[in-house]
Amino acid sequence: MLRSPFDRNVPVNLELQELLLDYSFQHLGVSSQGCVDHPIVLTEAVCTPLYSRQMMSELLFECYGIPKVAYGIDSLFSFYHNNPKNMISSGLIISSGYQCTHILPILEGRLDARNCKRINLGGSQAAGYLQRLLQLKYPGHLAAITLSRMEEILHEHSYIAEDYVEELQKWRCPDYYENNVHKMQLPFSSKLLGSTLTSEEKQERRQQQLRRLQELNARRREEKLQLDQERLDRLLYVQELLEDGQMDQFHKALIELNMDSPEELQSYIQKLSAAVEQAKQKILQAEVSLEVDVVDSKPETPDLEQLEPSLEDVENINDFEPLFSEETPEVEKPVATVQPVFNLAAYHQLFVGTERIRAPEIIFQPSLIGEEQAGIAETLQYILDRYPKDVQELLVQNVFLTGGNMMYPGMKVRIEKELLEMRPFQSSFQVQLASNPVLDAWYGARDWALDHLDNEDVWITRKDYEEKGGGYLREHCASNVYVPIHLPRQAARSAEAQASGKGSGASGGGASEQA
């Protein structure tokens, strides 16, 4: 179930989820036939709906028959992996991934779900913004500026500016631009340019194209000759009907041919016979001319008057003008003009300058792409303002950065600068970057599972699933907060309805007796 329009990458189809789990079990070497006799640790979104967890628990317990399962948040697993074990920690987690960014306050080792905030911007929006910037800058390379190539440039060449406006002022200096611009070479083929061909290759190419035109013309003539021959045979058959005295059939055939008299039929036969003979002669001449070398000064070419060339053939007609010309110049004039050399490799280069800082800046300034959202700094300030000053001081002592979108160079320095601006004078804070922002969530889940493998207080067993429902969650240091939904019982409602019905009936009966 989608919690918002931004969760397009979350599979909600049970059949698709089953295929994903089969794929995962197969690559882990676990057989999914019958049942999977292994505990499962799954990550889920922050404040995920109970319905989503219920569907996943139902699939795991009913379809795969697992013994127990535990749910956690990926950024909290990363936080667990990077903090000392057996230590109750408090802090602020800033987790930025492919689709969104979360800021999660942790108090005494547990998630404070009431003050969690989400920004609907991540690496996907940054890559799309970079793609639009470069497509506007290089409209001739729209097809080459793909989203996957933009993600590669974003990961390898982008960085976070400590001061965005000041950094843009630096890029206005030509020397700074020349020293810091990154040049990307797009793939290209040098065979696309005609200037790279030698004179022999050009002549051979013209000969091949001329043969192609001749063969195309001969094929069309043969097709037209075949149609004319079939029509001539039909007319001769009708003429034989007249000669045999079959007048009824002859008149019917004459009406079908839309002719009025035998004289008109004879005239058509003579014209069509002459056209067939002429076509046969042209085909013979064309076969003879194909054997003639096209390099001759006056080559014999077939009649191309009836040829209807395609668009590609029309574009190549100018190449054959020297071959068909009957007058060749006797004296060659020296060429005095010098044609400029076109550098194809330089034309297929991308110069990535200010785009290196403009694309990742959107998580701090969403207004750059027209999003009416608060950036990381404003959201961080909003969350801190919801706590007392002593709790604020405790949270900022452990600001933890995790997620693939936090791997830009300069991200930690920028967060420290934003905290320095929003915190009181001479107050202290500490920012920590995950040792591996991308894989620490997996490492943390592995460490957590090994540390709590025998602790039944953090695992959801099949008994819990059957008694408390699929949406049930056992809380732990890396999990969501479980908020059960209490629905009014249908039995109580029906009992109240029956009681009210009996009371009204009794009162009605008493009234009738008094009457």
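Residues numbered from 1 in each chain as written. Predicted model: local features only at pLDDT ≥ 70, side-chain atom pairs only at ≥ 80, totals over all residues. Heavy atoms only, no water.

Here the focus is the overall build of the chain. Of the regular secondary structure elements, the chain holds 20 helices and eleven strands. Burial status across the chain gives 37% buried among its 515 residues. For the chain, contacts bridging at least 24 residues in sequence account for 71% of all contacts bridging at least 6. (Helix = DSSP H or I, 4+ residues; strand = E, 2+ residues; numbered from the N terminus. Buried < 20%, exposed > 50% of the residue type's maximum accessible area, 1.4 Å probe, protein only. Contact = heavy atoms within 4.5 Å.)

It is worth spelling out the pairing of strand β3 (residues 91-96) at this point. Buried residues dominate β3, accounting for six of its six residues. Burial along β3 is two-sided: the face carrying Gly91, Ile93 and Ser95 and the face carrying Leu92, Ile94 and Ser96 are both buried. Relative to strand β4 (residues 101-107), β3 runs antiparallel, the two being bridged by six bridges. Its bridge partner lying in β4, Ile94 is registered against Ile103. (Pairing = 2+ DSSP bridges.)

Further remarks concern the packing of helix α1 (residues 14-27) against helix α2 (residues 50-64). Packing of α1 against α2 brings their axes to within 11 Å, and their N-to-C directions diverge by 60°. Judged by the angle between their axes, α1 and α2 are oblique. The handedness of the crossing between α1 and α2 comes out as right-handed. Packed against α1, whose contacting residues are Leu14, Gln17, Glu18, Leu21, Asp22 and Phe25, the element α2 presents Met55, Met56, Leu59, Leu60, Cys63 and Tyr64 at the interface. Here the residues of the contact of α1 with α2 sort into nine nonpolar, one polar and two charged. (Axes fitted to C-alpha atoms, helices over the stretch in contact; angles between N-to-C directions. Parallel < 35°, antiparallel > 145°, perpendicular 65-115°, else oblique. Left-handed = near helix turned anticlockwise from the far one by under 90°. Nonpolar A, V, L, I, M, F, W, Y, C, P; charged D, E, K, R; others polar.)

This part covers the pattern of salt bridges. Side chains carrying opposite charge are able to pair once their charged atoms draw close together. This model, assessed by the stated rule, comprises 14 salt bridges. One salt bridge in this structure joins Arg53 and Glu44, with 3.1 Å as the shortest N-O distance. The shortest N-O distance in the salt bridge between Glu475 and Arg110 comes to 3.7 Å. Linking Glu475 in the loop between α19 (462-468) and α20 (490-514) with Arg110 in strand β5 (residues 110-111), this pair joins segments that are 365 residues apart in sequence. The partly exposed category is assigned to Glu475, whose relative accessible area is 33%. For Arg110, a relative accessible area of 39% corresponds to the partly exposed category. (Salt bridge = Lys/Arg side-chain N within 4 Å of Asp/Glu carboxyl O.)

Here we come to the packing of aromatic side chains. All told, the structure shown has nine aromatic pairs when counted by the stated rule. For the pair Phe61 and Tyr465, a centre-to-centre distance of 5.0 Å together with 20° between the ring planes defines the contact as stacked. A residue pair is termed long-range when its members are at least 10 positions apart, and Phe61 in helix α2 and Tyr465 in helix α19 qualify at 404 residues. As far as the burial class goes, Phe61 and Tyr465 line up, both buried. Taken together, a centroid distance of 6.1 Å and an interplanar angle of 65° make the contact between Phe77 and Trp448 edge-to-face. Note that Phe77 is positioned in helix α3 (residues 74-82) and Trp448 in helix α18 (residues 440-451), a separation of 371 residues in sequence. For Phe77, a relative accessible area of 0% corresponds to the buried category. Aromatic ring contacts, followed pair by pair, group Phe77, Trp448 and Trp459 into a single cluster. For the cation-ring pair, Lys68 lies above Trp459, with the distance from its terminal atom to the ring centre recorded as 4.9 Å. (Phe/Tyr/Trp six-rings, centres within 6.5 Å; stacked < 30°, edge-to-face > 60°. Lys NZ or Arg CZ within 6 Å of the ring centre and 35° of its normal.)

When the UniProt feature table is mapped to this numbering, "coiled-coil region" (unreviewed entry) covers residues 199-233. Its end C-alpha atoms 51 Å apart, residues 199-233 is made of 100% helix and 0% strand. (UniProt positions renumbered as here; feature names shortened; annotations may be inferred.)

Core analysis: the biggest nonpolar cluster contains 43 residues, and Ile94, Ile376, Met411 and Ile415 have the highest contact counts within it. Broken down by secondary-structure element, the contributors of at least two residues to this core are β3, α4 (123-137), α5 (147-157), β8 (349-352), α15 (376-384), α16 (389-395), β9 (399-402) and α17 (411-422). The element best represented in this core is α4, accounting for six residues. The residues contacting Met411, other than those within four sequence positions of it, are Ile160, Ile363, Phe364, Leu401, Asn405 and Met406. (Core = buried A, V, L, I, M, F, W, Y, C linked by side-chain atoms within 4.5 Å.)

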